[in-house]
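Below are the chains, spelled out letter by letter.
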Amino acid sequence: MRNAVIIGSGCAGLTAAIYTARANLSPLVIRGVEAGGQLSLTTLVENFPGFPKGVQGPELIELMKKQAEVFGAEFMEGDVTRVNLSRRPFTLEIGEQRLETRALIIASGASAKLLGLESERKLIGHGVSTCATCDGYFFRGKDVAVVGGGDTAAEEALFLTRFANQVTLIHRRDQFRASKIMQDRLSRNEKIKPLWNSVVVDILDPGKGEVTAVKVQDTKNGAVSLKPLHGVFIGIGHSPNTALFRGQLEMNEVGYIQTHEGAKTSVPGVFAAGDVQDHIYRQAITASGSGCMAAMDAEKFLEREH
Ligand code: NDP
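Conventions and cut-offs
- Residues numbered from 1 in each chain as written.
- Predicted model: local features only at pLDDT ≥ 70, side-chain atom pairs only at ≥ 80, totals over all residues.
- Heavy atoms only, no water.
- Helix = DSSP H or I, 4+ residues; strand = E, 2+ residues; numbered from the N terminus.
- Rg over C-alpha atoms; globule rule 2.2 N^0.38 Å.
- Buried < 20%, exposed > 50% of the residue type's maximum accessible area, 1.4 Å probe, protein only.
- Contact = heavy atoms within 4.5 Å.
- Areas by Shrake-Rupley, 256 points an atom, 1.4 Å probe, with all protein chains shown as cover.
- Lys, Arg positive; Asp, Glu negative; His and termini not counted.
- Charge placed at Lys NZ, Arg CZ, Asp CG, Glu CD.
- Patch = residues over 30% accessible without salt bridge, like charges linked within 9 Å, V, L, I, M, F, W, Y side chains within 5 Å.
- Salt bridge = Lys/Arg side-chain N within 4 Å of Asp/Glu carboxyl O.
- Near = heavy atom within 4 Å.
- Polar contact = N/O pair within 3.5 Å; in protein donor to acceptor, adjacent residues only side chain to side chain.
- Nonpolar A, V, L, I, M, F, W, Y, C, P; charged D, E, K, R; others polar.
- Domains from an automatic or database assignment.
- Pairing = 2+ DSSP bridges.
- Axes fitted to C-alpha atoms, helices over the stretch in contact; angles between N-to-C directions.

Asks: When you look at the overall build of the chain in this model, what are you seeing that I'm missing?
Replies: Along the backbone of the chain there are seven helices and 19 strands. Its C-alpha radius of gyration of 21 Å places the chain within 12% of the 19 Å reference for a compact globule of 306 residues. For the C-alpha atoms alone, the extent of the chain along its principal axes is close to 65 × 40 × 30 Å. Looking at the chain residue by residue over its 306 residues, the buried ones come to 48%. For the chain, the share of sequence-separated contacts (at least 6 apart) that also reach a separation of at least 24 residues comes to 60%. Within the structure as shown, the chain displays about 15300 Å² of accessible surface, and the carbon and sulfur contribution to it stands at 49%. In the chain, the 34 positive side-chain charges and the 34 negative ones have mean positions that sit 2 Å from each other.

Structure follows, in structure tokens:
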């Protein structure tokens, strides 16, 4: 029987681990399939306070993990496959293993969205990617495309210019959603060419097991054209990792966990932190802040109930 189990090891989960460990709750962190969360997929983080020269995302995550370990947090590899939140203690299954906990902090984050094309599914890892930081290196001197018009797409496109010959930014409207500073960086970069009012309708060539071109449709006149290239990065946003909790916790219409009075969820003893409950701010610092709130709320709950 655990006092506190934390699902997820991004900055929300790790901050919750630091705080619950310092409160002597001996937390167990289940790291999940995307261990380290989205920061571990980025390079330079320039806006996390305390690092005037910036800090590499994976390094920041490693530092947070070490800090949690200093105070006695434990870590378990693996992914939670089932939870039962209908009675206390809550039960969790991680493959064959079964755990019980008095308090649960959910920090399972959000994952990259895909376009939903059959060819995209077949070519993922073979020229189609959702992470420029992870895969950009493979496209040295090649032509690639990034799909999307928000900050994620802008960041991916800018990062890819380090390797790629040309980056086509394919956006379905004629205006970016990305922040002003990112838009300025995009327009200053000669390697980036926007392709407005365009949607990717197919990716070639699953038969060859590699990307050779994208089929793009103009949203204004319906014309379809073929653009030869070697890689496609999908940067169209994220969806929350909440399938496990469906029907057990209150969520909003797109599946983000609903929190109230801090990090409380609709089930007493279950708390949520980070991108799994925040579709607005989604920053490392806000995720960390909400991880701290979840830990403090869990501590108060345990003090009262046990
Ligand atoms: P957003 O929701 O902001 O943008 C998603 C983009 O993808 C939009 O331009 C959208 O088009 C497009 N899109 C969505 N679905 C499809 C589809 N099926 N086909 C084609 N295009 C599609 O998500 P982001 O992940 O970019 O950003 C989320 C939040 O995270 C924002 O608040 C952002 O500021 C923040 N963020 C900040 C970063 C930073 O500060 N460095 C880095 C990354 C994210 P449309 O515009 O037409 O809706």
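On we go.
Asks: What should I look at first to understand a positive patch on the surface in this one?
Replies: Residues Lys113, Arg172, Arg173, Arg177 and Arg282 make up a contiguous surface patch of positive charge. With respect to the helices and strands, arginine 177 occurs in the loop between strand S12 (166-170) and helix H6 (180-188).

Asks: In this structure, what is going on with unusual backbone geometry? I would like to understand it.
Replies: Trans peptide bonds make up the majority, and among non-glycine residues the majority have a negative phi. The amide bond that connects arginine 88 to the next residue, proline 89, takes the cis arrangement and shows omega of -5 degrees. Structurally, proline 89 can be placed in the loop between strand S6 (82-84) and strand S7 (90-94). Note that the residue after leucine 204, namely aspartate 205, is joined by a cis bond; omega there is 15 degrees. Here aspartate 205 lies in the loop between strand S14 (198-204) and strand S15 (213-218). One non-glycine residue with positive phi stands out, namely serine 26, at about 45 degrees. Of note, serine 26 is situated in the loop between helix H1 (11-22) and strand S2 (28-30). Not every positive phi belongs to a glycine, and glutamate 261 is a case in point at roughly 40 degrees.

Asks: In this structure, what is going on with the site of the ligand? I would like to understand it.
Replies: Neighbouring the ligand are 17 residues, the closest being Asp151, Thr152, Glu155, Arg173 and Arg177. For the ligand, a nitrogen atom lies 2.6 Å from a polar atom in the side chain of glutamate 155. Considering the ligand on its own, with 910 Å² of exposed area, one finds that the protein chains cover 74% of that surface. Of the residues forming the shell around the ligand, the biggest block, three residues, is contributed by helix H5 (residues 151-160). Looking at the shell around the ligand residue by residue, the class counts come to three nonpolar, eight polar and six charged. When residues of the shell around the ligand are assigned to domains, at least three fall in each of domain 1 (2-111 + 238-305) and domain 2 (114-234).

Asks: Hey, could you run me through the environment of alanine 178 in this one?
Replies: Structurally, the position occupied by alanine 178 is in the loop between S12 and H6. Judged by relative accessible area, alanine 178 falls into the buried class, the value being 5%. As a C-alpha pair, alanine 178 and alanine 287 span 109 residues in sequence and 20 Å in three-dimensional space. Setting aside anything within four residues of it in sequence, one finds alanine 178 in contact with Gly149, Gly150, Asp151, Ala154 and Gln183.

Asks: When you look at the pattern of salt bridges in this model, what are you seeing that I'm missing?
Replies: Where side chains of opposite charge bring their charged atoms close, a pairing between them can arise. The tally for this structure, following the rule as stated, stands at nine salt bridges. Arginine 82 is paired through a salt bridge with glutamate 93; the nearest N and O atoms lie 3.6 Å apart. One end of the pair, arginine 82, is in strand S6; the other, glutamate 93, is in strand S7, with eleven residues separating them in the sequence. Arginine 82 sits in the exposed class, given a relative accessible area of 55%. The residue arginine 121 makes a salt bridge to glutamate 118 at a minimum N-O spacing of 2.8 Å.

Asks: What am I meant to see in the sheet that holds strand S16 (residues 224-228) here?
Replies: Across a sheet, strands are paired by hydrogen bonds formed along the backbone, either parallel or antiparallel in direction. As summarised here, the arrangement of the three strands in space is S14-S15-S16, forming an open sheet in which the pairing is antiparallel. Only two strands of the sheet have a single partner each, and these edge strands are S14 and S16. Geometrically, the sheet is characterised by an average inter-axis angle of 30 degrees between neighbouring strands, direction not taken into account. Here five bridges tie S15 to S16, and the two strands are oriented antiparallel to one another. Its bridge partner lying in S16, glutamine 217 is registered against valine 224.

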